[in-house]
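Report on the structure
The residues making up each chain are set out below.
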Amino acid sequence: MMGSMNTESIGNSTQKIVYEFARAATLEGWWSWALLIGSLAVLLFLCVRLYRRDVAELSPVMRRTLILLRLATIAALVFFFFDLHRRSERMMTRSSEVVVLVDTSQSMSLSVGAMSATETRSDRAARLLGNSGLLDKLEKEHLVSVYSFAQNSEPKLLENRRADSESATVRELDAKASEDLAGASLAAQLGALLVGLGLLLCIVSLLVGAAGKSGLIPWAIASSALSLFLGIVLLGSIYAVNTNRSLAELLGTDSGSPTTEDTERSSDIDEPSPIEPSPIEQSPMEQSPIDGATEPIRVVDWAQAVAAAGTESRIGDAIRNVLTDHDPSTLSGIVVVSDGQNNGGAGTATAIAAARRSQVALYPLGLGSSDAPLNVRVVDLDAPRRVYPGDKFAITAMLQASGPNSVEVEVQLLDTLDDEPADVSSSDLNNAAENLGEVIDSQRVRINSDGTLAAIRFEIEPESVGRRRLAIRVIAPENDQNRRDDVRTARYEVVAKKLRVLAVAGGPTREYRFIRNLMFRDKSIEFDVWLQTGMPGMSQDADKVLTEFPSDPESLFEYDSIIMFDPDWTAISAESIDLVDRWISQQAGGLILIAGPVYHPQWTRMRTDPRINRISGFYPVNLTTRGALLGGGRQGGENPWPLEFTPEARRAEFLWIADDPAESFDIWEKFGGVFDFVGVKSPKPGAKVYAHFSDPTTEIGGSLPVYLASHFYGAGRVYFQGSGEMWRLRGESDAYFDSYYTKLVRWVSEGRLLRDSTRGVLLIDSSRAMIGETIAIRAILTDDQFEPLDVPEVAAKLLAPSGRIDDVKLLPLKGEPRPGTYGGQFIAREAGNYEIRVTLGDALDEQVLQQSVQVRLPTIELERPRRNDDELQQLADMTGGIYTAIDSETSDESVVSTLTSTLKPQPQTTVLPGTPDLDFNRRRNVVLMWLIATLLTMEWVTRRLHRLA
């Protein structure tokens, strides 16, 4: 049997105080209740009958008083028999949830509409999430979690929103608690007054009897009994119910201190601290919004948070992970913002099946265009950044067409000096040849209209020296829907001077001999050697044979790069090592360090030599100093191990030993590998690791040994190779070995080749990138007095392929060997050619440093640029959701209205029964004993005064 209950809200739970008779729950069957009620009726009948006969001679008031005292005692005993309990019952309400999944694959960088001039799909998604008020409206009825998904199997949590109502709840609870305490204190004081009045009337009745006024005694005793009964019941009830307050506190005679229960309750509902917006660097699904302890996360910049960077789109995996990590019973729906092109991971069929089992509806928002207007565009242009006069090089362009049928078009190659920006925004590009340059070659090609890519290749032999710009232009049909994407440009530089390279070898190793022959045959390279173990007068295939390391700046600074094959550093003086430091950090020299088994272990163990710290500083890795056996290196290995390349290697052009990156790394995978490596503790901060030695038995601390790495050292670059075994690549083809080292030497020498200003050099970590990648910028600058520049920041301009100009701040880099070194970065968000410019000096002596980056989309993200309406519609139809196609003319208001009207809240409530309150039981028994004792005592005294048995 349940009595009255009080309710109290705490966060997402409602606490109910339930009063119930425990004995009543044990009485089963009608006969138990009939027997109990019958017994009570007989007991009451006998009690009244016997008392009426026993007190027949007393006054009516006294007769009724004695009978009521006995009946009240029986009622108290019956109350005790039924065993009133109190317990707290908590009703946990889990809020309704809505999950928003945002596609951040690189196809989201394409246009929303059929024309590429419209905003990109990722920009539209950012506008919908950040400016439309969609999340604010959903937040009023649901917990909202926003995830991004791309090539990873698990989506990344960007933002989760929850109603911040706990502080208001705390204030309401505090006010309610104050009101309840005030009311309880008033009732307790009233009960105490009634008890005091009853005791006073008892004394008055004795005085009246002593005065001989017997007619007033019955009324005084009856009033005293009634007052005591009401006072004890009222005061005892308040005392039993308020177990967190002492009797003195209830009566207001003691302010008291918080009890343990108060402390626990206040800690449970403590007001949360304000939530500050934070950047989005959470690992995938690492925080689940259904966990009450999760702190809300807010996105500051939606454009950056949903930037199109992923190489795949895994819609099916993202939906399945959300269904796994969220409670389907409270999940009102999943909103999927995507173009519908699922090209990785599990298919959408498995996601649909999981959503149907969980009874969760999917609400796709389709971005992009499902139409196929006739359009031919140049998707990508691949050209070298630097070439030499007379060296024929290849240019490859990727073309794509859409429309009802395949089209045949003329593709032109144009070339001109890079003396002014290319204007590709003209409405009639066919008549803009004077701006794009001279047409030097053309081909006709047929392109399928199903979105597949078609490659076209040109070859050009440069003659004039300097910076040049080439362009690929498509002469599109007259009804082509977008003329802006018919042209793509790229910059390259024709370098006239020969590359000066110095080779320093501790011995005539195979690596040294093959590279020496390669460099000596290259007409664009002037190659000198110093074989440290060579004899005077020996013959070497080189332009000059040195007998010692260059000891003066004039001799050393004429070299663009130095290749060192396991050198004996102890044979180089400290002054010359200081010159090497200046040559790299100030003169932008490029140093290639190829480790070996002879001298490398010797000099790394020479801890007392002051030259060692300077030498170790050149390396992009932290080297071990205990030899191969203890230091983790390997000498004389029995089996070759392939190189395990990192994602950074895919961007390193010197590793592209074939015509394209994909073919290059297929060759590297076939490469048998290397036997040895030197001990490396770890890469240095800021270093780029390209490959590890893949033998799992060499793993130390969870990491494989670094085999290929590089870093900037001031204005120059230093490259590290773990052993001199790349000659084994000749087993696949001599051309691959030649390509690797030729590109590597030119890459590390890039800073020297780009020194077209006396005020400094501008470098980037990669000249080619994918959409979404971060490009690091590095500038080594001097002031007008040719001293290292010392300013808080340097402003750079970033020219995007679309013509937009952004500002990039370059800030001083700490820990660099040379002052005046600044760094910054930007994210490539569009396909095409980016240009970075830094302007130094005033109008009379203005110098411009510039670099360019060619950004492209991966093939898998370009093959199907259309919005996949069929796939998105199926997601909605099979799960009970609604599909909304967002075209360029679709308003945000209509999208928000559709979602907010269809996503109905579905919170879930769970009842958690509590245990009986032992403090209440103890106080209840005390009050009942007090009441029964008082009633029996008063009845006994009254009977004795009237000389009853």
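What you see is a predicted model; the values in this text were computed from it and never measured.

**Re the overall build of the protein**
- Looking only at helices and strands, the protein features 25 helices and 37 strands.
- Buried positions account for 51% of the 949 residues belonging to the protein.
- Taking the contacts inside the protein whose residues are at least 6 apart along the sequence as the reference set, 75% of them involve residues at least 24 apart.
- Summing over all exposed atoms, the protein offers an accessible surface of approximately 43800 Å²; the carbon and sulfur share of this is 52%.

**Topic: the side chain of D566**
- With respect to the secondary-structure elements, D566 resides in the loop between β20 (561-565) and α15 (574-585).
- Within the buried set, D566 has no salt-bridge partner at all; the shortest N-O distance to an opposite charge, 11 Å, is to R605.
- Dropping the residues within four chain positions of it, D566 is found in contact with G506, I594, A595, G596, P597, V598, Y599 and H600.

**Regarding the UniProt feature "transmembrane region" (unreviewed entry) in the protein**
- In the numbering used here, UniProt assigns the feature "transmembrane region" (unreviewed entry) to residues 30-51, 63-82, 186-209 and 216-241.
- Here residues 186-209 is 100% helix and 0% strand, with 35 Å between the C-alpha atoms at its ends.

**A few points about the sheet that holds strand β21 (residues 590-594)**
- The strand order across the open sheet formed by nine strands is β19-β18-β17-β20-β21-β27-β26-β25-β23, and the pairing between neighbours is mixed. In the strand order of this sheet, the two ends are held by β19 (544-545) and β23 (643-645), each with one partner.
- As judged from the three bridges shared by β23 and strand β25 (residues 688-693), these two strands associate in the antiparallel manner. Counterpart to L643 in the pairing with β25 is F693.
- Helix α17 (residues 611-618) rests against β21, β26 (706-713) and β27 (716-721) of the sheet, and its axis sits at about 100° to β26.

**Some remarks on the sheet that holds strand β5 (residues 143-149)**
- An order of β6-β5-β4-β7-β8-β36 is seen for the six strands of this open sheet, with the pairing classed as mixed. Strands at the two margins of the open sheet, each flanked by one partner only, are β6 (156-161) and β36 (884-886). Shown here is a sheet whose adjacent strand axes are inclined to one another by a mean of 15°, direction ignored.
- One ladder, built from five bridges, connects β5 with β6; its direction is antiparallel. Bridge pairing links V146 to E159 in β6.
- The sheet contacts of helix α24 (residues 892-902) involve β7 (331-338), β8 (362-367) and β36, and relative to β8 the element is tilted by about 170°.

**Re a nonpolar patch on the surface**
- Taken together, the side chains of V42, F45, L46 and L50 make up a nonpolar region of the molecular surface, amounting to roughly 380 Å² of accessible area.
- Along the chain, L46 turns up in helix α1 (residues 30-54).

**A few points about the pairing of β21**
- The buried fraction of β21 is high, at five of five residues.
- Here β21 shows a buried face lined by G590, I592 and I594 and a second buried face lined by L591 and L593.
- Relative to β21, β20 runs parallel, the two being bridged by five bridges. Across the sheet, residue F565 finds its bridge partner in β21, namely I594.
- In the classification by handedness, the crossover that spans β20, the intervening α15 and the parallel β21 is right-handed.
- Here β21 runs beside β27; their pairing, made up of five bridges, is parallel. Within β27, the residue paired with G590 across the bridge is R717.

**Some remarks on the pattern of salt bridges**
- A full pass over the atoms with the stated rule returns 39 salt bridges.
- Among the salt bridges present, the one from R161 reaches D136, with a minimum N-O distance of 2.4 Å. Here the residue R161 occupies a position in strand β6, and D136 occupies one in helix α4 (residues 134-139), the gap between them amounting to 25 residues.
- Overall, the relative accessible area of 42% leaves D136 in the partly exposed class.

**A closer look at the side chain of R867**
- Mapped onto the elements of the fold, R867 is located in the loop between α22 (859-862) and α23 (869-877).
- For R867, a relative accessible area of 6% puts it in the buried group.
- At 2.8 Å, the side chain of R867 forms a polar contact with the backbone oxygen of G368.
- A distance of 3.4 Å separates the side chain of R867 from the backbone oxygen of I886, its partner in a polar contact.
- Leave out the neighbours within four places in its chain, and R867 touches D339, Q341, G366, L367, G368, S369, S370, L872, Y883, A885, I886 and D887.

What counts, and at which threshold
Residues numbered from 1 in each chain as written. Predicted model: local features only at pLDDT ≥ 70, side-chain atom pairs only at ≥ 80, totals over all residues. Heavy atoms only, no water. Helix = DSSP H or I, 4+ residues; strand = E, 2+ residues; numbered from the N terminus. Buried < 20%, exposed > 50% of the residue type's maximum accessible area, 1.4 Å probe, protein only. Contact = heavy atoms within 4.5 Å. Areas by Shrake-Rupley, 256 points an atom, 1.4 Å probe, with all protein chains shown as cover. Lys, Arg positive; Asp, Glu negative; His and termini not counted. Salt bridge = Lys/Arg side-chain N within 4 Å of Asp/Glu carboxyl O. UniProt positions renumbered as here; feature names shortened; annotations may be inferred. Pairing = 2+ DSSP bridges. Axes fitted to C-alpha atoms, helices over the stretch in contact; angles between N-to-C directions. Patch = residues over 30% accessible without salt bridge, like charges linked within 9 Å, V, L, I, M, F, W, Y side chains within 5 Å. Right-handed = clockwise from strand over helix to strand, strands pointing away. Polar contact = N/O pair within 3.5 Å; in protein donor to acceptor, adjacent residues only side chain to side chain.

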